[in-house]
Each structure stands twice: as C-alpha cells, then as structure tokens.
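# A closer look at the structure
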Amino acid sequence: MSTPSITDVTTIATAPSGIPLLVVRVDTTEDGLYGLGCATFAWRWSAVREVVENYLRPALIGRPVAAIRDTFHLAHRNAYWRSGPVLNNAVSGVDMALWDIAGKRAGMPCCDLWGGAVRNSVDVYTHANGTSVEELRESVARLAAEGYRFIRCQLAGYGPPAGDAAGATGAASIIKPADRIDSIVDMFEHIIPDLPDGVRPLHDVHERLHPTDAMRLAERLDRFGLFFLEDLFAPEAIDWFRRARERLQTPIAMGELFCSPAELNPLVGEGLIDYIRVHPSFYGGITPCLELATRCEAKHIRTAWHGPGDLSPVGAAANIHMDFAAPNFGIQEWVVRSEVEYEMFPGLPAAHDGQIDPPTAPGLGVDIDRRLAERFPATVEPTRWTHTRFGDGGLTYP
Ligand code: MG
C-alpha cells in the first residue's frame, strides 16, 4: 500500500459563538481522505492563517501523510526562527490534521494509535462564575446538579470589570490586590461549606497579582483543600514556583502560556508543578504534547490540557484523545459548547455526569460543516479583554 501524500493545506475561519476559531484542513492524494487540525489563536487568527496558507502550504504539498514527526519538525524549523504562538498554531493545525489522517487510515481513534485508552472515562472540570458569592453559589449548584464534580470557582471572572472606572486607560478590568485577595478568600469561606458531597473546587488566579501578593493569597487558600490553583504567577515570574513548592500544600497547575519545551525546563525538570496546563495548539500540536506528557510522567506531573472556549472543537477532541492515552492524566478543562458548535462540528464529544466516554470514531472523530461555518464569519477586532490594570492605572498581566 503506497502512502498517500499531501495535496493541499487550507484554513477555515469561523466564529459560531462569537470567538474566532481557525481550523486547518489537509487534503491528500487518496479520494475522500483528509484531516482537520486546530490552529486557533483567537486573538491573532488572521496572522496564523497567513502562515499556514503562504508558508506551510507550499512547503508541505507532496510530502507523505505518514511522516508526521518529520513534518512537525520541518514545519517548526521552516522559518529558521522557531516557536511562538502564531507559528506554533500554524504548525499545530497541520500536525493534528496528520494525526487525524493517520487514525482514519488505520480505522482507529487516535488514542488507540498511542497505545490505547488506559481509563474508562475522562473526568472534566468546568467553570462556575458569579459577580457575587450568591450568584456563584447558584452557578456551582447548577453545575453540580448536572453531575460535575470538579468546578472552577471565580468571583467576577479573573477580576472585576473596570466599568466607569476604565477612564482614559481603557482598562477592561481593574485589580486592587488587597481587595482581590480578601474577596477570593471570602468567596471560598462562603462556598466551601455548601459544596455538594464529592465536589472539588479549583481556582485560576490568571497571573494578575504581583508574585508577593499571589503568594499571600495562595497561603491563605491552602486550608481550603483546592483540587488545584492555576496560574498563580506569570511565566515571567517562573522563579517564584520554587518558593511556592516549599511553602504551599495546594497542587499547582501551570502552562497555558508556554510555547516551547525549553521554557518548561525549570517547571517540569525540577518538578515544581503538579498539573501541566499547556494549550496543545500553542505548543505546536499533538506530537510535542505527547512527548511533553511522557516527560511530565517521569516527574509525577499530571496532565490538565488547556480547554477554554477559544479552542476549536477539533482541538477539544484532540485533548480528549490524549487524556485517554496518558497514564499520567489528571483532569480535563471543559466548557459547555453551543448548539451551533455541535451542529457545525459533528462528532464533538459531550460531557455527561462530569465525564467523557472513550472516542470510537477513526482519527480525531470531528468533522466540520463548511457551509454552516461560512454563515458565522470570523472578524478581526482589536483585543481589549487583556487590558488589565491596577488601581493606579499601571498594567498587570491579563
Ligand atoms: Mg487559565
């Protein structure tokens, strides 16, 4: 049997729920055989599209679809300067599509290509939010009634909206560190006693506090027994994870902003975190993530791949396949998708009772209805939600 080769590499941009999603399609010499991959960098999606169509497409046409690892490295090194969120998402779109094709050719779900499922189901966590503790309590109760046992609890998201206080700075959110710390501690004080049996809370600091303040918050949260605490520090404050390791009991989750294996050397190499939160498309796709999962396993770090709303359903499916195949799987972030996303992306997995069943369809198992996708065009808009400022107007991390 001769190996099919790549005949075309194209992109599909769509915004079914308002957030731009970018999917890469790889076509082949074999009739009807194609693959889909996630290249979603919602806030710079048109730049990723340019890289795929103008640079990767001509470099990859004619290459055998079976050469997945070689194609990953070739695409990654093709521009001489490597890595970064734009280039990695472009590479990821191709990499995931080639794994999708490999599964379809074998007639096997991708997780079976990687050694087969090592668990019967995948536990997911989802997001509860409220502008007040009362609202949050209702949000938690609703999700718990749906069967979720792992629930991320946030008060006003990652920080209160700036509203009228935005002023000339145009801030989307204003963080007053002492108030924020007190309000999060107060939130858990009120939420924890009412949590239904078996429900475990999580929290995402979203790197918005100065490391000194973040450490103070984490020390005060230790007594609540969170499942994990996420993005306590910015990647730029990586040294602080050593201090956190010595001082905190709460498991630490980190990684969604990392793009390169080298950046992760301290965190993974020294075993400074408990859950790896890399976003697969920002890390270059499935190939580097499978390698990262194995590297983490040796350090007793569990996987918790980033799975927000600004991730295409193809990327969400890729996460699930990796979850089933990883012995060191920890948990999977999962957002409830809209009806139109289920219609547009047939095969998108669904959670029930806070879990997801093993995939059965060949490849990644998710398709796209291109006609429907065209009815929800992605647009290029200035990014504003990232403008987070302290009370004095100084910028903090988003
Ligand atoms: Mg996060």
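Look up: the structure comes first, before these words.
Residues numbered from 1 in each chain as written. Predicted model: local features only at pLDDT ≥ 70, side-chain atom pairs only at ≥ 80, totals over all residues. Heavy atoms only, no water.

### Structural notes on the sheet that holds strand β2 (residues 21-28)
In plain terms, the rule: At least two DSSP bridges between two strands are required for those strands to pair. Starting at the N terminus, helices and strands are each numbered in turn, a helix being any DSSP run of H or I of at least four residues and a strand any DSSP run of E of at least two. Orientation is described by lines fitted to C-alpha atoms, with helices fitted over the stretch in contact, and by angles between N-to-C directions that extend from 0 to 180 degrees. The contact rule is simple, with two residues in contact once any of their heavy atoms fall within 4.5 Å.
Spatially, β1-β2-β3 is the arrangement adopted by the three strands of the open sheet, whose pairing is antiparallel. Strand pairing shows two members of the sheet lacking a second neighbour, β1 (6-14) and β3 (34-38), which therefore form its edges. In this sheet, adjacent strand axes meet at a mean angle of 20° when their direction is disregarded. With eight bridges joining them, β1 and β2 adopt antiparallel strand pairing. Its bridge partner being in β2, V9 is matched across the sheet by V26. The sheet contacts of helix α1 (residues 45-60) involve β1 and β2, and relative to β1 the element is tilted by about 175°.

### Things to note about the coordination of the magnesium ion
We apply this condition: Because no water is among the atoms considered, metal sites can look incomplete, with donors defined as N, O and S atoms within 2.8 Å of the metal, or 3.2 Å for Na, K and Ca. Throughout this description, buried means an accessible area under 20% of the type-specific maximum (1.4 Å probe, protein chains only), exposed means over 50%, and partly exposed covers the range between.
Those donors, D204 (OD), E230 (OE) and E256 (OE), are the protein atoms that reach the magnesium ion, and they lie 2.0 to 2.5 Å from it. Within one chain, the residues donating to the magnesium ion are spaced in sequence as D-x25-E-x25-E. Here the residue D204 occupies a position in strand β7 (residues 200-204), and E256 occupies one in the loop between β9 (252-254) and α9 (265-269), the gap between them amounting to 52 residues. The pair formed by D204 and E256 is uniform in burial state, with each residue classed as buried.

### Considering the packing of α1 against helix α3 (residues 85-106)
So the rule is basically this: Geometric relationships in this document are graded by angle, where less than 35 degrees denotes roughly parallel, more than 145 denotes roughly antiparallel, 65 to 115 denotes roughly perpendicular, and other angles denote oblique. By convention, the crossing between two helices is left-handed when the near helix turns anticlockwise from the far helix through less than a right angle, and right-handed when the turn is clockwise. Following the grouping adopted for this structure description, the nonpolar residues are Ala, Val, Leu, Ile, Met, Phe, Trp, Tyr, Cys and Pro, the charged ones are Asp, Glu, Lys and Arg, and the polar ones are all others, Gly among them.
Relative orientation of the contacting elements α1 and α3 amounts to 55°, with a least axis distance of 9 Å. If you check the angle between α1 and α3, you find them oblique. Read as a crossing pair, α1 and α3 show a hand that is right-handed. Taken together, the residues of α3 that come into contact with α1 (itself represented by A47, V48, V51, V52, L56 and L60) are V86, L87, N89, A90, V91 and V94. Tallied by class, residues from the contact of α1 with α3 come to eleven nonpolar, one polar and no charged.

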